[in-house]
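Residue-level listing of the chains:
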Amino acid sequence: MDNRDAVSAFLRSRRDRITPEQAGLPTYGQRRVPGLRRGEIAALAGVSVEYYTRLERGNLRGVSDGVLDSLAHALRLDDTERMYLYDLARAAGTVSGARARQRAVRPTVRPSVTRIVEGMPELPAYVMNNRLDTLAANPLGRALYSEMYADPACGGNVARFAFLNPAARRFYTDWERMARFAVGALRVEAGRKPYDRELTNLIGELSTRSDPFRVLWGSHDVHVFRDSRKRLNHPLVGDLELDQETLALPDESGLSVVVYSSPPGTPAADALKLLATWSATTGQEQDAPSTVVTPRGEGLG
């Protein structure tokens, strides 16, 4: 998988979104391009038009950090986009061949990490990789995402659930926001690891089976998951407004521990207690019914 197409599309998409007014450039007459011209970006970055044209055609091999910094400044990239540009450049410099194209080794969840996740019985928690696979979860985490775990086609992958399971549009109250961040996170990972076959297969599957995914993927926006507020509509306990913390493990595995919580005394905290009760009485391997929406507090005895 050559990343030239990704490089070219990303640079064009960032150039197209900048207006001459934003860049402090004068405008004369009607413009035929939605954003800046190649020559204007080249001037802002301090490189020749010919050199920038080479970059926008997808060739980042051998580009210096100084040029990348200048390009990021000219394109008004945020921190995540700048990181993505550097990842694309590093990938472009990777020697192609069997080693680069081998199947990525699936990181394993260390027993100590599993104990940490399982040691938070009152908080939904799971371990996720950069492809948005959930590799381990505590009982409350499985109960919270019961509809995803109940669908074998999802394979425990949050992106598959979001785009391929109709229940996700009800489960995620802010589905559009969740969808943008999921696609952006996969885009970041594709920049880091263009030869990851599992990631390539996942993106191909979602692009083939989901029109919304295909449209969002074409925007070339990038995101990283950090702490955020999640608004969910669970089939058993109803509406939940939870704080999400994503804690990256301090190693090279690319794994993160995702934990949801809510301040004590809030409706969401009470709902999590009810969900924990249901999970404890039914067993962590049994998934909640995904087709019945039960009013909060009912059907949990």
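Residues numbered from 1 in each chain as written. Predicted model: local features only at pLDDT ≥ 70, side-chain atom pairs only at ≥ 80, totals over all residues. Heavy atoms only, no water.

Asks: I'd like to hear about the overall build of the protein, residue by residue, with values.
Replies: Across its full length, the protein carries 16 helices and five strands. Contacts in the protein between residues far apart in sequence, at least 24 positions, make up 60% of those at least 6 positions apart. Carbon and sulfur atoms make up 51% of the accessible area of the protein, which totals about 14900 Å². (Helix = DSSP H or I, 4+ residues; strand = E, 2+ residues; numbered from the N terminus. Contact = heavy atoms within 4.5 Å. Areas by Shrake-Rupley, 256 points an atom, 1.4 Å probe, with all protein chains shown as cover.)

Asks: Help me get a handle on the pattern of salt bridges, residues and values and all.
Replies: This structure, assessed with the given rule, holds 22 salt bridges. A salt bridge links D196 to R131; the shortest N-O distance between them is 2.8 Å. Here R131 lies in the loop between β1 (125-128) and β2 (134-137) and D196 lies in the loop between α13 (175-192) and α14 (197-209), a separation of 65 residues in the sequence. Here D196 matches R131 in class, with each residue buried. Linking E189 and K193 is a salt bridge whose minimum nitrogen-to-oxygen distance equals 3.6 Å. (Salt bridge = Lys/Arg side-chain N within 4 Å of Asp/Glu carboxyl O. Buried < 20%, exposed > 50% of the residue type's maximum accessible area, 1.4 Å probe, protein only.)

Asks: So what's going on with the environment of G62? Residues and values would help.
Replies: Turning to its location among the elements, G62 is positioned in the loop between α4 (49-56) and α5 (65-74). Relative accessible area serves as the criterion here: at 74%, G62 is assigned to the exposed category. Along the backbone, G62 and A89 are 27 residues apart, and their C-alpha atoms lie at a distance of 7.9 Å.

Asks: Describe the pairing of β1, listing the residues and the values that go with them.
Replies: Burial along β1 is two-sided: A125 and V127 facing one way and Y126 and M128 facing the other are all buried. Relative to β2, β1 runs antiparallel, the two sharing three bridges. Pairing of M128 across the sheet is with T134, part of β2. (Pairing = 2+ DSSP bridges.)

Asks: Which residues make up α14, and what are the values?
Replies: In this model α14 runs 18 Å from its N-terminal to its C-terminal C-alpha over 13 residues, within 8% of the 18 Å that 1.5 Å per residue would give. On its buried side, α14 packs onto α11 (158-164), α13 and α15 (211-217). With a side-chain oxygen lying 3.0 Å from the backbone nitrogen of E198, the N-terminal cap of α14 falls on D196. (Expected span 1.5 Å × (residues − 1). Polar contact = N/O pair within 3.5 Å; in protein donor to acceptor, adjacent residues only side chain to side chain.)

Asks: Lay out unusual backbone geometry in plain terms, naming residues and giving numbers.
Replies: At R76, a residue that is not glycine, the phi angle is positive and equals roughly 55 degrees. Looking at the element boundaries, R76 is found in the loop between α5 and α6 (79-92). Non-glycine residue H220 carries a positive phi angle of around 60 degrees. Note that H220 resides in the loop between α15 and β3 (228-234).

Asks: Which residues make up the packing of aromatic side chains, and what values go with them?
Replies: The full count for this structure, using the stated rule, is twelve aromatic pairs. Through a chain of ring-to-ring contacts, three or more aromatic side chains come together here, namely Y126, Y145, F161, F171, Y172 and Y260. Over the aromatic face of Y149 sits the side chain of R142, whose NZ or CZ is 4.2 Å from the ring centroid. (Phe/Tyr/Trp six-rings, centres within 6.5 Å; stacked < 30°, edge-to-face > 60°. Lys NZ or Arg CZ within 6 Å of the ring centre and 35° of its normal.)

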